[in-house]
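Observations on the three-dimensional arrangement
The residues making up each chain are set out below.
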Amino acid sequence: MINSFKAEWRKLRQRPAVWVLGGIMLAALILFGYAFNWIQLSFPSKNFHPEAGLTIAQLKTALYPINFVKNSLQGVGIVGSILTLILGALVVGSEFGWGTVKTVYTQRPGRLQTLAGQVGVVSVITVIFTVAFYAVAALTSLGIALGDGATITWPATIDILKALGATWLIFESWSLFGMTLAYLFRQSAMAIGIGLAYVLAIEGILFRLLGGFDAGWVTTVEKLFLGQNAGALIKSFGQPFAIPGAAAPIVTAGVAVLVLVVYSIVFAGVSSLVVRTRDVN
């Protein structure tokens, strides 16, 4: 497994697509999480009306270091899930596209060891993405606070560590989902397409529409889905300021973590089964 890990790491660290995905994630965080909000609040238009009766000064506190964890977590949801799903699909699907699967599996070590190396490297990459995500968020919030002359106060260390762990688990589960789809369809394009359709149509649109019917079974079904539990875990950290009427998480943080871990294990198990039993050529 160690040799497989080294081989995968050498291959993926030199692949621009991997780091482009990380760069897109960080750019989205800076632009949509901080820059656009700061511009809107610093130079408000005549038609701008703060939500929930808050002042512009109060809204700006969401962009300062004290709230960098809560503010940044909003970008972990749909953007983070899509990009890490694509990461997992590319890692596996590209091997089929390049026609290198047969070569890899006819060399030592065996198929499952190769899969373990892929999972290990993807896990390391998601760790790098996670740490970079919060490092950039912290620096951006610090820069905004210094520019506004605001007091610099940081969240508790335990809260930062919890956010790092939660974000990594979300990224890991989605990347394993992407890997599983790529193994099932033997390509990255279809895996990415089906994965995006699932994220946007099922997790993003369908449950939102069904929620308008106020049916109890919808909430029950939601608790079984990957994206809904990831969203509940994000919501468990709270908002920078109270928003009247905001929906509570559908499950507790502990349940959400358990469901995400189970999904990760299932995805790894399905990939192992496909790799071991099916002709991959």
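All of these numbers come straight from a predicted model, not from anything done at the bench. (Residues numbered from 1 in each chain as written. Predicted model: local features only at pLDDT ≥ 70, side-chain atom pairs only at ≥ 80, totals over all residues. Heavy atoms only, no water.)

Some points on the overall build of the protein chain
As a reminder of what qualifies: Helix and strand assignments follow DSSP, with helices taken as H or I runs no shorter than four residues and strands as E runs no shorter than two, numbered in order from the N terminus. The reference for a compact globule is 2.2 Å times residues^0.38; the radius of gyration itself is calculated from the C-alpha atoms. Two residues qualify as a contact provided that any one of their heavy atoms is within 4.5 Å of a heavy atom in the partner residue. Residue exposure ignores everything except the shown protein chains as possible cover, and the areas themselves are Shrake-Rupley values with a 1.4 Å probe. Charged residues are defined narrowly, with Lys and Arg counted positive, Asp and Glu counted negative, and His plus the chain ends left uncounted. Charge coordinates come from a single atom per side chain, which is NZ of Lys, CZ of Arg, CG of Asp or CD of Glu.
Helix and strand content of the protein chain: twelve helices and zero strands. For the protein chain, the succession of helices and strands along the chain, N to C, is α-α-α-α-α-α-α-α-α-α-α-α. On C-alpha atoms alone, the protein chain measures out to a radius of gyration of 21 Å, which is about the 19 Å that the 2.2 N^0.38 rule sets for 281 residues. For the protein chain, the C-alpha atoms occupy an extent of roughly 65 × 45 × 35 Å along the three principal directions. In the protein chain, of all internal contacts separated by at least 6 residues, the share reaching a separation of at least 24 is 82%. Total accessible area on the protein chain is roughly 14100 Å²; 68% of this is exposed by carbon and sulfur atoms. Charged side chains of the protein chain number 18 positive and 10 negative; the gap between the two group centres comes to 10 Å.

A short note on the pattern of salt bridges
Side chains bearing opposite charge may pair, as long as their charged atoms lie close to each other. Note the following rule: We define a salt bridge as a side-chain nitrogen of Lys or Arg found within 4 Å of a carboxyl oxygen belonging to Asp or Glu.
For the coordinates displayed, the defined rule picks out one salt bridge. Note that aspartate 148 is salt-bridged to lysine 60, the shortest N-O span being 3.5 Å. With aspartate 148 in helix α7 (residues 111–148) and lysine 60 in helix α3 (residues 56–60), this residue pair connects regions lying 88 residues apart in the sequence.

Quick look at helix α8 (residues 157–185)
The cut-off we apply is this: Multiplying 1.5 Å by the residue count of a helix minus one yields the expected span of that helix.
End to end, α8 covers 42 Å across 29 residues, agreeing with the expected 42 Å (1.5 Å per residue, within 8%). After α8 finishes, the residue arginine 186 shows a positive phi value of roughly 60 degrees.

What to know about the nonpolar core
The cut-off we apply is this: By nonpolar core is meant a set of buried Ala, Val, Leu, Ile, Met, Phe, Trp, Tyr and Cys residues that side-chain atoms within 4.5 Å join together. Three exposure classes are used, based on accessible area relative to the maximum for each residue type with a 1.4 Å probe and protein chains only: buried under 20%, partly exposed in between, and exposed over 50%.
With 67 residues, the main nonpolar core has Val76, Leu87, Ile170, Trp174 and Tyr183 as its most contacted residues. If we ignore the near neighbours within four places in the chain, the residues touching leucine 87 are Val18, Leu21, Val122, Ile125, Thr126 and Phe129.

Some thoughts on a nonpolar patch on the surface
For clarity, the cut-off: Residues enter a patch when their relative accessible area is above 30% and they make no salt bridge; the linking distance is 9 Å between like charges and 5 Å between nonpolar side chains (Val, Leu, Ile, Met, Phe, Trp, Tyr).
Together, Leu184, Phe185, Met190, Ile194, Leu258, Val262, Val266 and Val270 make up a nonpolar patch on the protein surface, roughly 610 Å² of accessible area in all. Take the nonpolar patch: its biggest share by element is four residues, from helix α12 (residues 253–277). With respect to the helices and strands, leucine 258 occurs in helix α12. With relative accessibility at 54%, the residue leucine 258 sits in the exposed group.

Quick word on the layout of surface pockets
What counts here: Here a cavity means grid points, on a 1 Å grid over the protein atoms only, where a 1.4 Å probe fits yet cannot get out; a pocket means an open set of points with protein on both sides within 12 Å along at least five of seven lines; lining residues are those with an atom within 4 Å of a point. Grid points are joined across faces, edges and corners, and a volume is the space filled by probe spheres set on the points. Think of it as three bins: nonpolar holds Ala, Val, Leu, Ile, Met, Phe, Trp, Tyr, Cys and Pro, charged holds Asp, Glu, Lys and Arg, and polar takes everything else, Gly as well.
Taken as a whole, the largest pocket spans an internal volume of roughly 720 Å³. The set of elements that each furnish at least two residues to the lining of the largest pocket consists of α5 (78–98), α8, α9 (188–211) and α11 (226–235). Among the elements that take part in the lining of the largest pocket, α11 stands out by supplying seven residues, more than any other. Classifying every residue of the lining of the largest pocket gives 13 nonpolar, eight polar and four charged.

Description of the packing of α11 against α12
To keep it simple, the criterion reads: To define axes, lines are fitted to C-alpha atoms, for helices over the stretch in contact only, and angles between the resulting N-to-C directions are given on a 0 to 180 degree scale. Crossing handedness is read from the near helix: turned anticlockwise from the far helix by less than a right angle, it gives a left-handed crossing, and turned clockwise, a right-handed one.
Their axes nearest at 8 Å, the elements α11 and α12 cross at an angle of 140 degrees. Crossing hand, α11 versus α12: left-handed. Contacts between α11 and α12 involve Leu226, Asn229, Ala230 and Leu233 on the former and, on the latter, Ala253, Val255, Ala256, Val257, Val259, Leu260, Tyr263 and Phe267. For the contact of α11 with α12, the residue count by class is eleven nonpolar, one polar and no charged.

A look at the side chain of threonine 140
Residue position: threonine 140 is located in helix α7. With near-sequence residues (within four places) excluded, threonine 140 lies in contact with Ile30 and Tyr34.

Re empty space enclosed by the protein
Enumeration according to the criterion identifies one cavity of 30 Å³ or more in this entry. The volume enclosed by the largest cavity comes to roughly 80 Å³. Considering the residues around the largest cavity, the lining is formed by Glu8, Lys11, Val92, Glu95, Phe96, Val101, Val104, Tyr105, Thr114, Gln118 and Tyr183. Of all the secondary-structure elements, those providing two or more residues to the lining of the largest cavity are α1 (2–13), α5, α6 (101–105) and α7.

Re α1
To keep things clear, this is the line we draw: The arc in question is traced by the directions running from the helix axis to the C-beta atoms.
Between the first and last C-alpha of α1 there are 16 Å, a value that for twelve residues agrees with the 16 Å anticipated at 1.5 Å per step. Of all the positions in α1, only Ser4, Glu8 and Leu12 are classed as buried. One face of α1 carries all of its buried residues, which in axial projection span an arc of 50 degrees. When the buried face of α1 is taken as reference, the exposed residues oriented beyond 90 degrees from it are Ile2, Asn3, Lys6 and Arg10. On its buried face, α1 is in contact with α2 (16–42), α5 and α7.

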